[in-house]
Structure formats: structure tokens, C-alpha cells
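# Structure at a glance
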Amino acid sequence: MSLKFLIVDTYYPVFLRSFYTRHPGLAGQPYAEQWRTLMDQCFGTADFYSLNLKKLDCEAEEVVANCVPLQQRWAYENQPRLAKLLPIYKTLSRVKSWQLKVLVAQIEKLRPDILYIQNLNWVDDSWLRAVRSRVRLVVGQTAYPLRDDLDYRCYDLILTSFPHYVDLFRRQGVSSEYLRLAFEPEVLKRLGSIQSAYDTVFVGGYTGHHRAGSQLLEQVARKVPLDFWGYGTESLPKDSPIRQRYHGEAWGLDMYRILAQAKITLNRHIDVADRYANNMRLYEATGVGTLLVTDSKDNLHDLFEPGKEVLSYRDPEECVELIRYYLEHENERAVIAAAGQARTLREHTYYHRMRELVDIIERYVEHPERATRRVVTTSAPLCEHQPSYVQGPSPGFIGVAHAAQALIQPLRPLLARLPGQRYLRLVWHRLRGGSQTAQPVSYGHRTIPVSAVTHDLVDGWKDPAIPPRQRNLVESELRRMYQGDIVPVYRASAEALLATGMSDSFIVEVGCASGYYYEVLSHLLRRKINYLGIDYSPSLIAQARQFYPHVPFLVGDATKLPLADQSCDILLSGTVLLHVPEYEKAIQESARVARYWCVFHRTPVVKTINTTYLSKFAYGVQVVELVFDEEEILSLFAKYGLKLHIALDLDSYYVEGVKDKVAMKTYVCRKVS
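Reading the values: rules and limits
- Residues numbered from 1 in each chain as written.
- Predicted model: local features only at pLDDT ≥ 70, side-chain atom pairs only at ≥ 80, totals over all residues.
- Heavy atoms only, no water.
- Phe/Tyr/Trp six-rings, centres within 6.5 Å; stacked < 30°, edge-to-face > 60°.
- Helix = DSSP H or I, 4+ residues; strand = E, 2+ residues; numbered from the N terminus.
- Buried < 20%, exposed > 50% of the residue type's maximum accessible area, 1.4 Å probe, protein only.
- Lys NZ or Arg CZ within 6 Å of the ring centre and 35° of its normal.
- Salt bridge = Lys/Arg side-chain N within 4 Å of Asp/Glu carboxyl O.
- Pairing = 2+ DSSP bridges.
- Axes fitted to C-alpha atoms, helices over the stretch in contact; angles between N-to-C directions.
- Contact = heavy atoms within 4.5 Å.

Let us look at the packing of aromatic side chains. Inspection of the entire model under this criterion finds 36 aromatic pairs. Seen in terms of ring centroids, Tyr-231 and Trp-251 are 5.8 Å apart; in terms of plane orientation they differ by 20°. Their pairing is stacked. Placement of Tyr-231 in strand E8 (residues 227-231) and of Trp-251 in the loop between helix H12 (241-244) and helix H13 (252-261) is noted, with a sequence separation of 20 residues between them. Relative accessible area serves as the criterion here: at 12%, Trp-251 is assigned to the buried category. Ring plane angle 15° and centroid distance 5.4 Å describe the contact between Tyr-443 and Phe-617, whose orientation is recorded as stacked. Residue Tyr-443 is located in strand E12 (residues 442-448), and its partner Phe-617 is located in strand E18 (residues 612-618); the two are separated by 174 residues in the primary sequence. Residue classification places Phe-617 among the partly exposed positions, given a relative accessible area of 29%. Taken together, the ring pairs connect Tyr-11, Tyr-12, Phe-15, Phe-19, Tyr-20, Phe-43, Tyr-231 and Trp-251 into an aromatic cluster. Of note, Lys-462 hangs over the ring of Tyr-536, and the distance from its end group to the ring centre comes to 4.3 Å.

We now examine the pattern of salt bridges. Scanning all chains against the criterion turns up 40 salt bridges. Linking Lys-263 and Asp-199 is a salt bridge whose minimum nitrogen-to-oxygen distance equals 3.3 Å. Residue Lys-263 is located in strand E9 (residues 262-266), and its partner Asp-199 is located in strand E7 (residues 198-205); the two are separated by 64 residues in the primary sequence. The exposure class of Lys-263 is partly exposed, given its relative accessible area of 30%. Overall, Asp-199 belongs to the partly exposed group, its relative accessible area being 36%.

Across the sheet, which stays open at both edges, the five strands sit in the order E8-E7-E9-E10-E11 with parallel pairing between neighbours. The sheet terminates laterally at E8 and strand E11 (311-313), the two strands that pair on one side only. For this sheet the average axis-to-axis angle between neighbouring strands, irrespective of direction, equals 25°. The pairing of E9 with strand E10 (residues 291-295) spans three bridges and is parallel. Its bridge partner being in E10, Thr-265 is matched across the sheet by Leu-292. Most of the contacts of H13 go to E7, to which it runs at about 150°, and overall it touches E7, E8 and E9.

Read these as layout, nothing more, since geometry by itself doesn't imply function.
Structural data, given as C-alpha cells:
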């Protein structure tokens, strides 16, 4: 999929003033020349996004929205009347309003698919609402403290390198994904040859957001020599040891050069990073080949191997000890620094990140239901003032519903056995906030002998009426998932795959229906999975190909799979075994096709009675369903070389005609022969 990105960045005003001071006359030059000169400074992410997105066959442009000389020149070359308005806006002290008008003009001219906002704090919510109809997705990225008054629902997706921010956004009904920071190897070419000039350096911020980190730096600086550069020193005490060895600001290439000239680069994280390693210095320092000494964080080992690629400390005393030791042991220092640089260049470049970014964006573009342009059902407000269009049931109705639920809940097992339970389920669904016209998915269960299992019952799932009815339910569940309210069976499927320990595996799902587990697992596992879907119903497969045109799907029978022996790493039997009368053959086929693991998802079992056959209506079509004797199922797994690794309990319920309570489970089995 070819995508067009407009990446909106902002630079620190103090850097922009310094830049134009060092380049007199540049403000009067053409936009392309100004932009190129500015990007060549390698400030922040510079043009690293667009450079690597273009390598992935995407179109991408980056604008520095708060750089007045640059944006004024763009306006002069593209909309002269807009350029002439700048003096008026300056007089009114409304320069940012003018900048946002220029940004709208750039969106209209470039017509991007993706509007990618690097600074959520700078862009106004009302402005985002006004422009969002002009693009397919509005995406934000953050790894910094956020304003309290932000309305995150203006974004279809927020990417962050803070793992705890991902959970924060999702709990509030906002789609969010984890995307780490990176290093651009082009920096090494621009730096050229470097000679060592410093022992240990720190380049960064000393503002109120870095208070704990600044205190640590001061404690270390009292015991070992440190050289400091950065911004925000005005917030430090006058007697701070940082001030005593402070050399001024250092931005972009100047900052990279200082890191490269140092034997050791010291790192500490901003306060809001919490327990997680995240900042750009991790990659900047290792990328240029200096030894990184960083504060210990829960996820540091996911990025680098402590002790072999970087060094980590738990307190100021340990930090001091590490600096002293590795300044004295040059060979050991060089080995770790080289390993850290190799890891960064191997796994943590902007090319790697843009591949991850494109995978994420493609999934969200393919499935617009992920967008946050919907009513948010979370009880926690996303910002101080909820817009008037966010509505729900009246407080009075909620109170009555909760009271009714409290009365009915203990009676559910008894009600499930009574005639007319279909209508009782409708009442229950309504009390839980469901649609007044909602129909139950399954109803009309009755036990039947094996001899009554006809071809019509087995082939009921081929009925072309089922796909649209099932997909309506799926769409509702997917919307809930992207709001952070994950359906338990979806969560169990991801947990089952994680239990295999295989992170990059080929998965075949048998009984894939419209293929929605491809979407579910990609979202929950936070990666695009290598997947093939198979289903008994040609109508469902046709629907799957419509929804996921880039994913392979086949029509096939679970008892005669159209695949070679050991052709997949994991076979996921997705809610299919209970609809296959020849279930032993289906288990045998699953074991034949899988190389390592079989997952039998959503399998209904009982402990005290034999396997029971039933007929029921599913989405209004009569089909066959089985409730299994768990002992028999486990023995069949063992018979075909499948060793139970873990069983996940999903639910328990009563089925009309079945005396025992049914347990719905997902079995994860390792292939042992």
C-alpha cells in the first residue's frame, strides 16, 4: 500500500533563533534551500522519517510548523496573500494562528493520507477537528509530558515510546501503539572523523520535568568529573555542580559530535518516563559509538543487553563506580561501546522504525473502525471538559439496570434451563446496554443422537446468510477492542499464542470465518502476523478476502486440510472443533499440519458426561454443535502427539439439554511427536 505522509514537527524556539543567527541571510532564500539547511543540522528527528519512508515506497514531507522564516517562505512561494498576512498577525500577537493557517494550506496542497503530529502540546484540538476530514488518519506521537487539557479523541491513533502511555491511552478509549525511538546512520557520515576529547559527558535538559535526574547528575558530578551541555540550567541552584562544568547549549550535529568525542555518555530519564527506558539519548550515544551508562529500567533488556552493550546503574553510587572503572579500563570500555553501536545499527535505526510504522499505519488504514471518531464508553474523562456529543444512557436508567442485574445474576443458571430463554437473553442483553433489537447468536439448543447429524446440519455454516450477520457482531467487538474494552475470547487467543513463546511464527487458523482474528492478533500482539486463514464456508472466505485483501485465505475442511505436513509453526483451531462431528479427524489433521504447536480455541467441555451432540440455530441457521467430554478430548490430543501445555478458562454456562455445566476452554498443546 502506497501512503503519503505529512509529518508536522516543531523545533525548540531557542534552537531556531540560534540557527538563523548562525546562518545570516538564509531567511530570504527559497524554501527548499532553507529546509535542506535546517534538516542538515540533524535536530531532533530532522528528516529521518521522510528519508526512510521514501525507501519503503511511501511519499513523505516534513514541515517545521513553528519555524516562522521557513513557513513564511513557503507561503510566499505558494500562497502570497497568506504570506502578506504575517505582519498583521504579529501585531495582534497571534503568530501561532497564522502558522496553523499555513499548515492548513500545506495539507490542502500536499493532500496527505496521514497527518502525523510530532508535538501534541502545540497543535490545538479545534484545529485538528477542522482538518481531520481532509486526511485518512490523524496520528500523534508522544514521549513527553502532555498538557492537562488535551482532548486525545482528536486523534485516530497515538504512537508512543512510553509503554505505560499505551495502556493509559487505551484505557481512555484512544487507539495507541508502541513505537520505539531510533538512530539515523546518516549522522555518522555527516560527523566524519572524530577524536576523543572528553571523559564523561551529559547533554540534555535540566528543567522542572527533569528534577529527579538533575539531582542525580549533581550527586555524580560531586565525585567524578562530568562535562555538561544542554538547556534549562536557569532552573538549577546557583551552587549546582552542573553549573561549574557547563559549556552551553548543544543541538543537532553539535550534540552528536560531543557524544562521539566522549569516552562515556551518561544518561538519565525524564521524570515522566517512570520505570521505562525510552529517551533518544539511548540511541544517539550508542549510535555514535560512545559507551552509554544509563539508569536501570524495567525494559532496558528489551533494547540492549546490560553489561555487554550498555551499562546500567541503580543509584548514584553505582553510577560513580561504573564511570571510574571504565575510564580506567579502556579495552573493556571499547568492547561494550562497539557492541552497543552494533546493536543500534542492527536493530534501532529509523529505517527499522519506519518499517514498523508503516505496518501499523497500514493496519489502521485498512480498518477504519479503529479510528477514535466514535462515542467513548470509558467512565474516565479524557480531558476536563467532555464534548456535548458524548452521550450515554441516563443516570436513572443505569441505576435501574444495575439493580436489575444484581437481582438476575444469581438466577442465571436456573433461567438458562427454562423454556423461552431466548427472550430472557434479550432482556438481559438490553439491561446490559445492548440494542433493543439485538438477536442472540445461538439459541434453540436440543440434544440429538449421532444418527441425527445430517449433512444439512454440518453444512449449515455454508449458508450465505451467516457472513453478514456474523460480521455485524464482529464489527461491534472490534470497536470495543480499539476502545480498550477487549472481548475476553480475543484476549485469550493472544495469551494462547504468547504461551507458545514463538514471536515470529507462521500461523494457520482453521475456522477463520471472515478472518477477523488476523486483525485481532495483529492488534493485541502489536505486530503484523504471518497468517493463513482456512474456513469450510466459501461465503465466509469470500468475505474474508473482501475485508483483508492482502491476506491469504483458502476454503478447506478441518478433517482434510489442504496443506502439507508440518507446514505451519502454530495451528490455531479457531472455534471450529465444536462444529465438526468427525472431531478426531480434525485433531489428527491439526497435529499433522503443525510443526510445533496446536491451539484449540473456544472448546466446550464437561467433566461428568459423555460427548454430547446438539442442534442449534447460529445467526438464524440450524447447525450442529458438540459439547465434549474433557477426558476424551485430552486423550485424543495425547493420541496424536500433542502434549497439553496450558488450558485457559474462558467461561462457564448451561446449555439446554446438557445436565452438567459447560466450561469453555482454550487448549495450548505442544507437538511432541
